[in-house]
Amino acid sequence: MAGGGFVVGDGQKTYPGKLTPFVLFTCVVAAMGGLIFGYDIGISGGVTSMPSFLRRFFPSVYRKQQEDATTNQYCQYDSPTLTLFTSSLYLAALISSLVASTVTRKFGRRLSMLFGGILFCAGALINGFAKHVWMLIVGRILLGFGIGFANQVLKLNSCCFIKFNKFKLILSRYKCQVDIINFFLLLLSSVPLYLSEMAPYKYRGALNIGFQLSITIGILVAEVLNYFFAKIKGGWGWRLSLGGAVVPALIITLGSLVLPDTPNSMIERGKHEKAKTKLRRIRGVDDVSQEFDDLVAASKESQSIEHPWTNLLRRKYRPHLTMAIMIPFFQQLTGINVIMFYAPVLFNTIGFTTDASLMSAVVTGSVNVAATLVSIYGVDKWGRRFLFLEGGTQMLICQAVVAACIGAKFGVDGTPGELPKWYAIVVVTFICIYVAGFAWSWGPLGWLVPSEIFPLEIRSAAQSITVSVNMIFTFIIAQIFLTMLCHLKFGLFLVFAFFVIVMSIFVYIFLPETKGIPIEEMGQVWRSHWYWSRFVEDGEYGNGLEMGKSSSNQVTKHV
């Protein structure tokens, strides 16, 4: 059994522990949170392009697609109910995430994870056995509720079980020892805010993007399954696609029954002796007193932070609030969810057959995964700003080319027809280049940058705003896209291209580079910025700055 420990502070203090079965299993369960989120993103577009699914639940769309040869190609999928089937999940996830934190604190991580897993299973089963449209929408809403609860719990569980906690890593970030298995497990079970707090600052970007990688893998799995399930004779393959979400859901549910509650959760609820006993079992060693004392100290420190929402409105946090809102806002206006949600629908709209559209979605999903790996490799080498600007330029060019190709083929009237093979290859190639540009820039960095710039006293509140803005605009884009495609036609891609220009200018002017800067010293990037320095004055950055100075002294000492 692999083991290891963390050297803390000046190198004289270590936390003993082994890579126990609890750690391994918790990482698998945590990875399911990202995979199921990605699966639900990728699955909806595939099933909505299957004729048998449309014929049963959306007959008006099916008639426009299959029977009416005069239908405007851009408008064949225009249906508010069809888009509600996709978008309802994200609105439900937003609402449940607002409730999940309170439930988790009161009843513990384990029961909350069990509740989230049950909601996942219920939603997947209702969708898989659906006979009416309302069952599809109810199932998606339950999946959204499950995502809100499960991800809230999993991000807390991963923090405890992988031998990390916030207090410990504030001290140890600069001099730590991690064996290769722990590194791999951390990559799988990462959650943006907690990874930014836990990771060594030189590798913070790469580690943080691990959760985004699990989401892209989930999307790819969904697209591959859609392709093969669509070939099932009898036209019931869509039931397997929708019901397939029950597999990771069962892992989360069973995991909540097998895994113990976290020591962090027990300490928060005053069960110190039980927490210490559980910590010994998780670590696989008897001597956990130092780590336990720091867990208690971290809990007290967390509880001492008052009025985070009020603090967020103070003048000195103006740059943080701006980034918490604008980065997730711009991320959704890149147009990427048009591809991720509706890739098969989009390919079908521009003249691909059903099989070809599903296969093209698999290709873009594969590119998405590969490009995310590029981001993991390069984010701490090339920097955040470089990837933002390079990805933005790449997306802009591709959106303009795709708009020109679609406009040249279908014009304004959207006359039906299939694309020639060479033409289709050109369109798919540029869409793949566009997806790659997003996957190594705004995709992962839209989560990474907000999670690493917030000081301790506003961190949880600011990250909540980031997630809320992301979910709200994910819901809006998913709900209105097909209507916008019908009315704006190929011009819709130019609308997204315009926003890519705006967001690239915003990054160039207002976003400082955060590569290689310890999270507690992040205040220096705002104080040295030409614009934000007027809001953040010297000596007025809060707890994070004080800790950063202390940590900086430790770095100097060791160097």
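Everything numeric here is computed off the predicted structure, so don't read it as measured data.

About the criteria used
- Residues numbered from 1 in each chain as written.
- Predicted model: local features only at pLDDT ≥ 70, side-chain atom pairs only at ≥ 80, totals over all residues.
- Heavy atoms only, no water.
- Helix = DSSP H or I, 4+ residues; strand = E, 2+ residues; numbered from the N terminus.
- Buried < 20%, exposed > 50% of the residue type's maximum accessible area, 1.4 Å probe, protein only.
- Contact = heavy atoms within 4.5 Å.
- Areas by Shrake-Rupley, 256 points an atom, 1.4 Å probe, with all protein chains shown as cover.
- Polar contact = N/O pair within 3.5 Å; in protein donor to acceptor, adjacent residues only side chain to side chain.
- Phe/Tyr/Trp six-rings, centres within 6.5 Å; stacked < 30°, edge-to-face > 60°.
- Lys NZ or Arg CZ within 6 Å of the ring centre and 35° of its normal.
- Core = buried A, V, L, I, M, F, W, Y, C linked by side-chain atoms within 4.5 Å.
- pLDDT = per-residue confidence, 0-100.
- Disulfide = S-S within 2.5 Å.

### Looking at the overall build of the protein
In terms of regular secondary structure, the protein is built from 27 helices and two strands. By residue count, 61% of the 559 residues in the protein fall in the buried class. Sequence separation of 24 or more characterises 80% of the internal contacts of the protein that already satisfy a separation of 6 or more. With the model as given, the accessible surface of the protein reaches about 21100 Å², and the carbon-plus-sulfur share is 65%.

### Section: the side chain of lysine 489
Along the chain, the position of lysine 489 falls in the loop between helix H24 (459-488) and helix H25 (491-510). On the basis of relative accessibility, which here comes to 15%, the residue lysine 489 falls in the buried class. Looking at lysine 489, its side chain comes within polar contact range of the main-chain oxygen of cysteine 486, at 3.3 Å. Those residues within four positions of lysine 489 in sequence are excluded, and the remaining contacts are Asn72, Tyr74, Val412 and Met484.

### Examining the packing of aromatic side chains
Throughout the structure, instances matching the rule amount to 25 aromatic pairs. Consider the rings of phenylalanine 37 and tyrosine 90, whose centres lie 6.3 Å apart with planes at 55°: the pair is tilted. With a gap of 53 residues between them, phenylalanine 37 in helix H1 (residues 21-47) and tyrosine 90 in helix H4 (residues 80-107) connect regions that are remote in the sequence. Taken as a pair, phenylalanine 37 and tyrosine 90 share a single burial class, namely buried. Ring centres of phenylalanine 510 and tyrosine 531 lie 5.4 Å apart, and the angle between their planes is 75°; on these two criteria the pair is classed as edge-to-face. Here phenylalanine 510 is found in helix H25, whereas its partner tyrosine 531 is found in the loop between helix H26 (523-527) and helix H27 (543-558), with 21 residues between them in sequence. One aromatic cluster in this structure is built from Phe329, Phe330, Phe388, Trp442, Phe473, Phe506, Phe510, Trp526, Trp530, Tyr531, Trp532 and Phe535. Over the face of the ring belonging to phenylalanine 85 we find arginine 140, whose NZ or CZ atom lies 5.3 Å from the ring centre.

### A few points about the nonpolar core
Soluble globular proteins tend to bury their nonpolar side chains together. Phe53, Phe58, Ile339 and Trp442 are the most contacted members of the largest nonpolar core, which totals 124 residues. With near-sequence residues (within four places) excluded, phenylalanine 58 lies in contact with Phe53, Ser79, Thr81, Leu82, Phe85, Val133 and Leu136. Counting nine residues, the second largest nonpolar core, distinct from the first, contains Ala275, Leu279, Leu295 and Val296.

### Concerning the confidence of the model for the protein
Mean pLDDT over the protein stands at 77; residues scoring 70 or higher make up 73%. In the model of the protein, H27 stands out as the element of lowest mean pLDDT, 37, in contrast to H25, which has the highest, 95. Within the model, the stretch residues 156-191 combines pLDDT values under 50 with 122 contacts to residues more than four positions away or in other chains. A low-confidence stretch, residues 542-559 stays under pLDDT 50, and its non-local contacts, those more than four residues away or across chains, total 27 contacts.

### Description of the state of the cysteines
Scanning the model with the defined rule gives one disulfide in all. For cysteine 75, the disulfide goes to cysteine 486, at an S-S distance of 2.0 Å. Every disulfide takes its handedness from the sign of the S-S torsion; for cysteine 75 and cysteine 486 that torsion is 90°, giving right-handed. Here cysteine 486 lies in helix H24 and cysteine 75 lies in the loop between helix H3 (59-67) and H4, a separation of 411 residues in the sequence.

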